[in-house]
Amino acid sequence: MCRVFVFTYSADYRHSYIVTAVEVLTRLGERTGLFEVYATEELEEFRRDRLRNFNALLFLTSGEVPFTEEQKELLIEFVESGGGFIGVHNATASLYSFTRYGEMLGAFFHSHPWIQEAVFIVEDRDHTSTRHLHERIRVFDEIYVFRNWVGRSRAKVLISLDTSSVDMSKAPKEVSEFPIAWCHSYGKGRVFYTAFGHPTYRWREEWFQKHLLGGIAWVLGIEEALT
């Protein structure tokens, strides 16, 4: 069975969904029999002898996590050498000063101009994280926009914002693309990110659980287990 290291350290705003997220992720792993979850917010657990026992990292972090330089290098090395990485919502609002983290994840958080119901375009309906969704979905969330976005040449956009469903006068003028979920390879590893997940109740919704489960399975390279 695969093992997923869920890291919940909050150096900035601590999202109320975290306790529920850990519970839901644990149950998803147990119910499917595909992975086991180990969750912690202890910095000292993020070390080589611990991570070698895991197949993927899942970050629910915020702010400038006070990693040592060794821990930062370990994070990138983990993914480059074949480990998986899953980022949810505020994972992009972490480690701003660590450029390689943003490159690995695909972007850094810029702002959330809208907290509302909006329409989102499912651009890839064949991916394990999105194949259960319609071409367009209507979701209430804290809608992130990003900076340092690696672009579509590097990342496959799975879901994007339908900009006609929001007031674009609130959007930062320097932001021209509005991805919401994406995936890509990084070295020998795989990376999946979704910006959904701010409301605690979202983690109880079946569509979102399937979205996460599909992303985790893809990162772990066990997509066929969901067919």
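Keep in mind the model is a prediction, meaning the values are calculated, not measured.

Trainee: Just checking my understanding: could you explain the overall build of the protein chain for this structure?
Mentor: Helix and strand content of the protein chain: five helices and nine strands. Tracing the protein chain from N to C terminus, the helices and strands come up as β-α-β-α-β-α-β-α-β-β-β-β-β-α. Judged by the C-alpha coordinates and their principal axes, the protein chain covers about 50 × 40 × 35 Å. The burial tally for the protein chain puts 59% of its 227 residues in the buried class. Long-range pairs, those at least 24 residues apart, make up 75% of the contacts in the protein chain between residues at least 6 apart in sequence. Surface accessibility of the protein chain: about 9,800 Å² in total, with carbon and sulfur atoms responsible for 46%. When the 25 basic and 31 acidic side-chain charges of the protein chain are each reduced to a single mean position, those positions are 3 Å apart.

Trainee: Looking at this model, I keep getting lost on unusual backbone geometry. Mind explaining?
Mentor: Trans peptide bonds make up most of the peptide bonds, and negative phi angles are found at most residues other than glycine. Backbone geometry places His89, a non-glycine residue, at a positive phi of 45 degrees. A relative accessible area of 0% means that His89 is categorised as buried. With a phi angle near 55 degrees, Asn148 is a residue other than glycine that sits in the positive phi range. With respect to the helices and strands, Asn148 occurs in the loop between strand 6 (136-147) and strand 7 (156-161).

Trainee: Is there a simple way to think about the environment of Phe208 in this case?
Mentor: Within the fold, Phe208 resides in helix 5 (residues 206-220). When its relative accessible area of 0% is taken as the criterion, Phe208 is described as buried. Non-local contacts of Phe208, meaning those with residues more than four positions away in its chain, are made with Val88, Thr194, Phe196, Gly197, Arg202 and Trp203.

Trainee: How should I be thinking about the pattern of salt bridges in this particular structure?
Mentor: When their charged atoms lie close together, side chains carrying opposite charge are able to pair. One pass over the full model with this rule turns up 20 salt bridges. With a shortest N-O distance of 3.1 Å, Glu73 and Arg100 are connected by a salt bridge. Remark: Arg100 occurs in helix 4 (residues 99-105) and Glu73 occurs in helix 3 (residues 69-80); sequence separation between them is 27 residues. Residue Glu123 pairs with Arg152 through a salt bridge whose shortest N-O separation is 2.8 Å. You can see Glu123 sitting in the loop between strand 5 (108-122) and strand 6 and its partner Arg152 sitting in the loop between strand 6 and strand 7, a full 29 residues away along the chain.

Trainee: Would you take a moment to explain the layout of surface pockets for this structure?
Mentor: Take a probe with the size of a water molecule and roll it over the atoms, and the empty space left behind shows itself. Empty space within the largest pocket amounts to approximately 180 Å³. Mapped by element, the contributors of at least two residues to the lining of the largest pocket are helix 1 (18-32) and helix 5. Tallying contributions element by element places helix 5 first for the lining of the largest pocket, with five residues.

Trainee: Sorry if this is basic, but what is going on with the sheet that holds strand 6 here?
Mentor: Backbone-to-backbone hydrogen bonds pair the strands of a sheet. The strands run either parallel or antiparallel. Spatially, 2-1-3-4-9-8-7-5-6 is the arrangement adopted by the nine strands of the open sheet, whose pairing is mixed. In the strand order of this sheet, the two ends are held by strand 2 (35-40) and strand 6, each with one partner. Neighbour-to-neighbour, the strand axes of the sheet open up by a mean angle of 25 degrees, direction not taken into account. Here strand 3 (residues 56-59) runs beside strand 4 (residues 84-88); their pairing, made up of four bridges, is parallel. When the sheet's bridge partners are listed, Phe59 is paired in strand 4 with Gly87. Lying on the sheet, helix 1 is in contact with strand 1 (2-7), strand 2 and strand 3; it crosses strand 2 at an angle near 160 degrees.

What counts, and at which threshold
Residues numbered from 1 in each chain as written. Predicted model: local features only at pLDDT ≥ 70, side-chain atom pairs only at ≥ 80, totals over all residues. Heavy atoms only, no water. Helix = DSSP H or I, 4+ residues; strand = E, 2+ residues; numbered from the N terminus. Buried < 20%, exposed > 50% of the residue type's maximum accessible area, 1.4 Å probe, protein only. Contact = heavy atoms within 4.5 Å. Areas by Shrake-Rupley, 256 points an atom, 1.4 Å probe, with all protein chains shown as cover. Lys, Arg positive; Asp, Glu negative; His and termini not counted. Charge placed at Lys NZ, Arg CZ, Asp CG, Glu CD. Salt bridge = Lys/Arg side-chain N within 4 Å of Asp/Glu carboxyl O. 1 Å grid on protein atoms, 1.4 Å probe; cavity = no way out; pocket = protein on both sides within 12 Å on 5 of 7 lines; lining within 4 Å. Points joined across faces, edges and corners; volume = space filled by probe spheres on them. Pairing = 2+ DSSP bridges. Axes fitted to C-alpha atoms, helices over the stretch in contact; angles between N-to-C directions.

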